[in-house]
Amino acid sequence: MEDEEGSEYGKPDFVLLDQVTMEDFMRNLQLRFEKGRIYTYIGEVLVSVNPYQELPLYGPEAIARYQGRELYERPPHLYAVANAAYKAMKHRSRDTCIVISGESGAGKTEASKHIMQYIAAVTNPSQRAEVERVKDVLLKSTCVLEAFGNARTNRNHNSSRFGKYMDINFDFKGDPIGGHIHSYLLEKSRVLKQHVGERNFHAFYQLLRGSEDKQLHELHLDRNPAVYNFTRQGAGLNMTVHSALDSDERSHQAVIEAMRVIGFSPEEVESVYRILAAILHLGNIEFVETEEDGPQKEGLAVAEEALVDRVAELTATPRDLVLRSLLARTVASGGRELIEKGHTAAEASYARDACAKAVYQRLFEWVVNRINSVMEPRDRDPRRDGKDTVIGVLDIYGFEVFPVNSFEQFCINYCNEKLQQLFIRLILKQEQEEYEREGITWQSVEYFNNAIIVDLVERPHRGILAVLDEACSSAGTITDRIFLQTLDTHHRHHLHYTSRQLCPTDKTMEFGRDFRIKHYAGDVTYSVEGFIDKNRDFLFQDFKRLLYNSTDPTLRAMWPDGQQDITEVTKRPLTAGTLFKNSMVALVENLASKEPFYVRCIKPNEDKVAGKLDENHCRHQVAYLGLLENVRVRRAGFASRQPYSRFLLRYKMTCEYTWPNHLLGSDKAAVSALLEQHGLQGDVAFGHSKLFIRSPRTLVTLEQSRARLIPIIVLLLQKAWRGTLARWRCRRLRAVYTIMRWFRRHKVRAHLAELQRRFQAARQPPLYGRDLVWPLPPAVLQPFQDTCHTLFCRWRARQLVKNIPPSDMAQIKAKVAAMATLQGLRQDWGCRRAWARDYLSSAADNPTASGLFAQRLKTLRDKDGFGAVLFSSHVRKVNRFRKIRNRALLLTDRHLYKLDPDRQYRVMRAVPLEAVTGLSVTSGGDQLVVLHARGQDDL
């Protein structure tokens with residue numbers, strides 16, 4: 001078992017209890033329930049306690065944790081049982097079954113749903129459409145069957161009032177390809193009457209509260225269930241903790257959607273609800289006696305004939321035939337002459353009720369058969385597709401003990417006796433087969449064999465069912481009291497049978513009414529009132545012919561026996577008890593042919609509240625489920641058995657010879673060495689492939705040793721794993737850095753090779769590589785390329801400059817300085833022409849006034865003593881008022897002069913060069929220049 005459950009959660013398997021007593025069993029059950037552990041094993045049997053609340057135990061994540069695991073690798077869970085059954089079916093090609101039992105309200109239906117959800121989740125990974133269709137039908141069928149077969153009872157808000165066994169067919173790949181549902185003993189008497197605090201079947205309330213107003217009008221129904229006799233008792237109750245209206249309305253929509261998914265046609269769904277409506281109207285029909293001379297010669301009339309009209313309309317049958325069937329019956333005399341015999345009011349009421357029960361039962365059976373027709377495997381050929389395997393899921397009523405127990409409880413408890421007999425027999429058979437397989441000597445196990453009780457019920461000629469059938473078939477009036485007297489005569493010496501007649505001092509039973517059977521689960525007192533009527537289950541042939549002749553094909557299909565002619569001699573139909581006995585015999589034979597898995601469900605309290613476990617109530621269930629006996633059978637001889645490999649895998653760390661891996665000849669030898677080191681070899685037996693352990697204390701000792709070593713091993717593994725991770729990371733980083741280094745080298749070499757290739761022709765004049773495009777460098781070479789680019793530019797400049805005469809070098813330097821200063825602000829700054837500098841002295845540039853300027857220049861040189869003229873030219877001066885004047889500009893090595901060319905170049909202003917602070921130019925075509933001087937006196 002995985003270490004998710006420590007000792008504080010109790011024993012996960014009741015087989016491991018120190019003492020097998022009811023007190024120890026209940027103490028462990030109580031502890032686990034209080035800790036939220038609702039599942040516990042008894043070997044491979046799962047005990048489930050209904051928590052009456054949603055627990056985070058289910059869903060895709062939980063399914064993934066249990067899928068493919070062994071039963072004991074995870075804490076106890078329904079998914080583990082479902083997985084074990086599925087693995088046995090898929091891997092060993094064995095037909096398996098899961099038997100779910102327990103009393104009403106113990107959670108059997110929910111358990112079967114979770115099993116179905118698990119099977120649906122782990123199958124069909126390839127998403128085949130046909131398999132998905134079958135899975136949808138399997139899941140949706142539960143919703144439909146709950147509507148028509150479940151009801152609210154005092155013990156359970158959603159109690160199954162029928163037994164259900166579902167076979168799921170799988171192909172060789174383990175995918176579901178079909179299925180078949182068997183139903184057992186529908187409690188059809190619930191249609192007529194329910195106990196206080198209970199309801200009729202859910203379908204009636206869902207129809208009334210969930211249908212639209214238009215549909216109710218067409219069915220002549222009122223939304224209030226209290227209007228109808230059959231639903232009046234449960235009108236104010238609901239099927240869940242939510243309001244009745246909301247719950248039934250949502251459920252109605254869910255059922256309609258489920259029927260659509262399954263494959264019911266709209267016409268079939270409409271027929272189903274018409275039949276339900278007809279049953280409700282039929283229940284409201286009352287009969288009144290009339291005088292012989294009145295209009296009704298038969299002496300009986302229907303109090304409200306409008307109800308007859310509605311029943312006729314909804315069943316698609318003639319009104320007069322419906323009325324005739326209610327008021328009289330037709331019998332054939334010995335000469336095959338037909339005689340119509342009128343009913344008394346009591347007989348008519350009995351016929352009406354029998355008809356209502358029969359119609360609902362046939363409707364339920366038709367729904368089951370309709371679902372089966374959709375689920376049947378299609379186009380399967382064993383020679384082509386291989387043998388199909390089956391998983392069966394049995395969800396059937398548990399042992400029932402009420403204040404008044406009638407025929408239904410008798411059948412249900414007989415069913416549980418049969419299943420208990422099978423359960424003990426199969427458990428013992430499994431044990432014995434395993435012992436023989438492993439070469440262990442089989443020891444006989446003491447247990448209570450309930451065959452004597454089963455024989456009391458089903459023995460030919462003298463059994464209770466045989467006596468009941470004889471009473472039903474006898475001529476004359478045979479009452480329930482006479483039936484009881486016959487039982488007393490046959491079984492007065494039987495150890496498990498008694499009655500008030502046989503035990504006059506027992507005042508808990510009434511004379512002429514009660515008998516008691518000592519079941520394996522306890523004593524149950526039955527009232528024989530109604531036994532004969534319920535067993536005979538008689539319905540007049542008139543109703544069968546009436547409904548067979550309906551124009552509704554769905555209703556007609558439910559009554560094939562109605563086609564028999566009234567004069568036709570037929571065999572007496574089998575009684576309800578015999579039919580149920582035959583179905584139980586067939587069920588037991590079916591289960592016995594499969595590998596069984598068991599889920600035993602326990603109801604924790606009668607109040608249906610979460611977190612409460614009533615010890616006395618649970619103690620009673622533990623007794624009648626035979627759980628203690630199951631533990632004793634499982635522990636008879638050996639409490640635990642495990643394959644050697646699995647045993648070593650769990651406990652090898654507790655022995656120096658087996659940790660971390662043994663070097664002995666076999667796993668069996670290694671297990672022997674381990675047990676010898678612990679001194680436990682005397683408490684075990686060695687099979688061919690498994691180790692058998694007698695005492696749970698041996699397992700506890702091994703578990704304690706393992707628990708002490710696990711933290712040390714965990715630390716060791718963590719240390720080793722962290723070191724491994726660090727080494728992996730270091731190796732990866734080294735590899736990354738090596739790759740990066742070689743890649744950088746490659747990029748550098750490739751880039752240098754590309755540079756060499758591109759600049760091979762750079763020495764060719766006159767361009768010297770001016771138009772060459774530099775390749776994009778790697779990031780690491782960007783500074784290198786920037787330096788190369790600078791060196792290349794200087795080299796190219798050198799190549800160009802060395803061909804320039806020395807006389808032009810001053811001008812070249814001036815142009816370079818101008819280019820650096822302007823930085824591209826001027827598009828045309830005269831770099832392509834020769835610079836004369838002193839343009840006003842040039843006769844070419846100033847032909848009219850060059851002489852006057854030369855005289856003015858001589859005068860200024862004498863006056864200011866400058867050495868050289870740096871620049872002179874005509875300009876256009878713009879003042880702050882935007883007035884433009886012609887002026888001349890003279891720049892020497894000492895002054896900046898503004899001259900008036902119109903007045904013989906008279907000096908208008910002289911600015912020392914040290915007073916000039918800067919120069920501004922514009923980038924436009926106006927060629928504007930601003931000379932900045934100190935004192936904000938700019939030119």
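Fair warning: this is a prediction, and the values are worked out from it, not measured in the lab.

S.K.: What should I look at first to understand the overall build of the protein chain in this one?
M.R.: When you go through the protein chain residue by residue, the secondary structure sums to 29 helices and 25 strands. The C-alpha atoms of the protein chain give a radius of gyration of 52 Å, which is well past the 30 Å a tight globule of 939 residues would have. The C-alpha extent of the protein chain, read off along each of the three principal axes, is 170 × 90 × 60 Å. Taken across its 939 residues, the protein chain has 48% of its residues classed as buried. Counting only contacts in the protein chain whose residues sit at least 6 apart along the sequence, the fraction spanning at least 24 positions is 62%. Working note: accessible area of the protein chain is about 47,900 Å², and carbon and sulfur atoms make up 52% of it.

S.K.: Any chance you could explain the sheet that holds strand S23 (residues 906-912) here in plain terms?
M.R.: Through backbone hydrogen bonds, the strands of a sheet pair up, either in parallel or in antiparallel fashion. Within the open sheet, the 4 strands sit side by side as S20-S21-S22-S23. Their pairing is antiparallel. Pairing within the sheet leaves two strands with one partner each, and these edge strands are strand S20 (869-878) and S23. In this sheet, adjacent strand axes meet at a mean angle of 20° when their direction is disregarded. Looking at chain direction, strand S22 (residues 895-900) and S23 are connected through 6 bridges and run antiparallel.

S.K.: Looking at this structure, how should I read the nonpolar core?
M.R.: Buried together is how nonpolar side chains tend to be arranged in soluble globular proteins. In terms of nonpolar packing, the biggest core is built from 113 residues, with Phe148, Tyr360 and Ile371 touching the most fellow members. Here the element with the most residues in this core is helix H12 (residues 345-375); it accounts for 17 residues. Of all hydrophobic cores here, the second largest spans 74 residues; its members include Phe410, Phe423, Ile517 and Phe531.

S.K.: Quick question: what am I supposed to make of the domain arrangement of the protein chain here?
M.R.: Interface size, as often reported, equals the accessible area lost upon joining of the parts. In terms of domain boundaries, the protein chain breaks down into domain 1 (638-760), domain 2 (779-822) and domain 3 (849-933). On a C-alpha basis, the centroid separation for the pair domain 2 and domain 3 is 32 Å.

S.K.: Would you mind going over the packing of aromatic side chains with me for this structure?
M.R.: The geometry of an aromatic ring pair is captured by the separation of the ring centres together with the interplanar angle, meaning the angle of the planes. Counted by the stated rule, this structure contains 27 aromatic pairs. Geometrically, the ring pair formed by Phe14 and Phe25 is stacked, given 3.9 Å between the ring centres and 15° between the ring planes. One end of the pair, Phe14, is in the segment before helix H1 (22-34); the other, Phe25, is in helix H1, and 11 residues separate them in sequence. Per residue, the accessibility class of Phe14 equals that of Phe25, and both read buried. With centroids separated by 6.1 Å and ring planes inclined at 75°, the aromatic side chains of Tyr839 and Phe871 adopt a geometry described as edge-to-face. In this pair, Tyr839 is assigned in the loop between helix H28 (809-822) and helix H29 (850-864) and Phe871 in strand S20, connecting sequence segments 32 residues apart. On the basis of relative accessible area, Tyr839 is assigned to the buried category, the value being 17%.

S.K.: In this structure, what is going on with a nonpolar patch on the surface? I would like to understand it.
M.R.: Together, Leu733, Val736, Tyr737 and Met740 give the surface a local cluster of nonpolar side chains, amounting to about 340 Å² of exposed area. Tracing the backbone shows Leu733 in helix H26 (residues 696-758). Given the relative accessible area of 33%, Leu733 is considered partly exposed.

S.K.: How should the pattern of salt bridges be read in this particular structure?
M.R.: If the charged atoms of two oppositely charged side chains come close together, the side chains can form a pair. Scanning all chains against the criterion turns up 38 salt bridges. Arg619 serves as the salt-bridge partner of Glu23, at 3.6 Å between the closest nitrogen and oxygen. Placement of Glu23 in helix H1 and of Arg619 in helix H22 (residues 615-624) is noted, with a sequence separation of 596 residues between them. The class of Glu23 is partly exposed, set by a relative accessible area of 44%.

S.K.: Hey, could you run me through unusual backbone geometry in this one?
M.R.: If a residue is not glycine, its phi is most likely negative; likewise, a peptide bond is most likely trans. For the peptide bond that leads from Pro765 to Pro766, omega is 5°, which places it in the cis range. Within the secondary structure layout, Pro766 lies in the loop between H26 and helix H27 (782-801). A positive phi angle, near 70°, is found at Arg837, a position not held by glycine. If you trace the backbone, Arg837 turns up in the loop between H28 and H29. You will see that Gln904, though not glycine, has its phi angle at about 60°, which is positive.

S.K.: Sorry if this is basic, but what is going on with H28 here?
M.R.: The periodicity of an α-helix, 3.6 residues per turn, causes residues three or four positions apart to be oriented the same way. In this model H28 runs 20 Å from its N-terminal to its C-terminal C-alpha over 14 residues, within 8% of the 20 Å that 1.5 Å per residue would give. Among the residues of H28, Lys815, Ala818 and Leu822 are the ones counted as buried. The buried residues of H28 all sit within an arc of 60° when viewed along its axis, so they share a single face. Away from the buried face of H28 by more than 90 degrees, exposed residues Ala810, Lys813 and Thr821 are located. Residues of H28 that are buried make contact with strand S24 (916-921). The first or second residue beyond H28 is Gln823, which carries a positive phi of 50°.

S.K.: I tried to follow helix H4 (residues 108-122) on my own but got confused; where do I start?
M.R.: An ideal rise of 1.5 Å per residue puts 21 Å on 15 residues; H4 measures up with 22 Å between its terminal C-alpha atoms. By the criterion of burial, H4 is predominantly enclosed, with 11 of the 15 residues buried. For H4, every residue scored as buried is listed here: Lys108, Thr109, Ala111, Ser112, His114, Ile115, Met116, Tyr118, Ile119, Ala120 and Val122. In the stretch just after H4, Asn124 is the one whose phi turns positive, near 55°.

S.K.: Just to check I follow, could you spell out the packing of helix H14 (residues 407-438) against helix H23 (residues 627-635) for this structure?
M.R.: When two helices pack together, you describe them by how their axes are tilted relative to each other and by the distance separating the axes. Interhelical geometry of H14 versus H23 gives an angle of 15° and a closest axis separation of 10 Å. In this view, H14 runs roughly parallel relative to H23, as classed from their interaxial angle. For the pair H14 and H23, the crossing hand works out as right-handed. Every residue of H23 that contacts H14 at Gln420, Phe423, Ile424, Ile427, Leu428 and Glu431 is listed here: Glu629, Asn630, Val633 and Arg634.

S.K.: Can you walk me through the pairing of strand S6 (residues 163-170) in this structure?
M.R.: Along any regular strand, the residues point their side chains to alternate faces of the sheet. Taken across its 8 residues, S6 has 8 buried, putting it largely inside the fold. Where burial is concerned, the two faces of S6 agree: the one with Gly163, Tyr165, Asp167 and Asn169 and the one with Lys164, Met166, Ile168 and Phe170 are both buried. Across 8 bridges, S6 lies against strand S7 (residues 176-184) in antiparallel orientation. Within the sheet, the bridge partner assigned to Tyr165 lies in S7 and is His182. Here S6 folds back onto S7 in antiparallel fashion, the turn holding 5 residues, of which Gly174 has a positive phi close to 85°. Where S6 and strand S12 (residues 389-395) come together, 7 bridges link them in antiparallel fashion. Within S12, the position partnered with Ile168 by the bridge is Ile391.

S.K.: I would appreciate a short explanation of the environment of Glu400 in the present structure.
M.R.: In this fold, Glu400 is placed in the loop between S12 and H14. With relative accessibility at 3%, the residue Glu400 sits in the buried group. Put simply, Glu400 and Asn413 are 13 residues apart on the chain and 6.5 Å apart in space, counted from C-alpha to C-alpha. Glu400 has contacts with Arg161, Asn405, Gln409, Ile412, Asn413 and Val524, leaving out every residue within four places of it along the chain.

S.K.: Would you take a moment to explain the sheet that holds strand S3 (residues 96-101) for this structure?
M.R.: As summarised here, the arrangement of the 7 strands in space is S1-S2-S16-S3-S12-S6-S7, forming an open sheet in which the pairing is mixed. Among the strands making up the open sheet, the edge pair consists of strand S1 (39-42) and S7. With direction set aside, neighbouring strand axes in the sheet form an average angle of 20°. Each of S1, strand S2 (45-49) and strand S16 (595-602) is contacted by H23, which is oriented at about 45° to S1, the strand it contacts most.

S.K.: Would you take a moment to explain the packing of H4 against helix H5 (residues 129-149) for this structure?
M.R.: Running from N to C, H4 and H5 point in directions that differ by 165°, and their axes come no closer than 9 Å. Classified by the angle their axes make, H4 and H5 are roughly antiparallel. Both H4 and H5 take part in a crossing whose hand is left-handed. Residues Thr109, Lys113, Met116, Gln117 and Ala120 of H4 pack against Lys135, Leu138, Leu139, Thr142 and Glu146 of H5.

About the cut-offs
- Residues numbered from 1 in each chain as written.
- Predicted model: local features only at pLDDT ≥ 70, side-chain atom pairs only at ≥ 80, totals over all residues.
- Heavy atoms only, no water.
- Helix = DSSP H or I, 4+ residues; strand = E, 2+ residues; numbered from the N terminus.
- Rg over C-alpha atoms; globule rule 2.2 N^0.38 Å.
- Buried < 20%, exposed > 50% of the residue type's maximum accessible area, 1.4 Å probe, protein only.
- Contact = heavy atoms within 4.5 Å.
- Areas by Shrake-Rupley, 256 points an atom, 1.4 Å probe, with all protein chains shown as cover.
- Pairing = 2+ DSSP bridges.
- Axes fitted to C-alpha atoms, helices over the stretch in contact; angles between N-to-C directions.
- Core = buried A, V, L, I, M, F, W, Y, C linked by side-chain atoms within 4.5 Å.
- Domains from an automatic or database assignment.
- Phe/Tyr/Trp six-rings, centres within 6.5 Å; stacked < 30°, edge-to-face > 60°.
- Patch = residues over 30% accessible without salt bridge, like charges linked within 9 Å, V, L, I, M, F, W, Y side chains within 5 Å.
- Salt bridge = Lys/Arg side-chain N within 4 Å of Asp/Glu carboxyl O.
- Expected span 1.5 Å × (residues − 1).
- Arc of directions from axis to C-beta.
- Parallel < 35°, antiparallel > 145°, perpendicular 65-115°, else oblique.
- Left-handed = near helix turned anticlockwise from the far one by under 90°.

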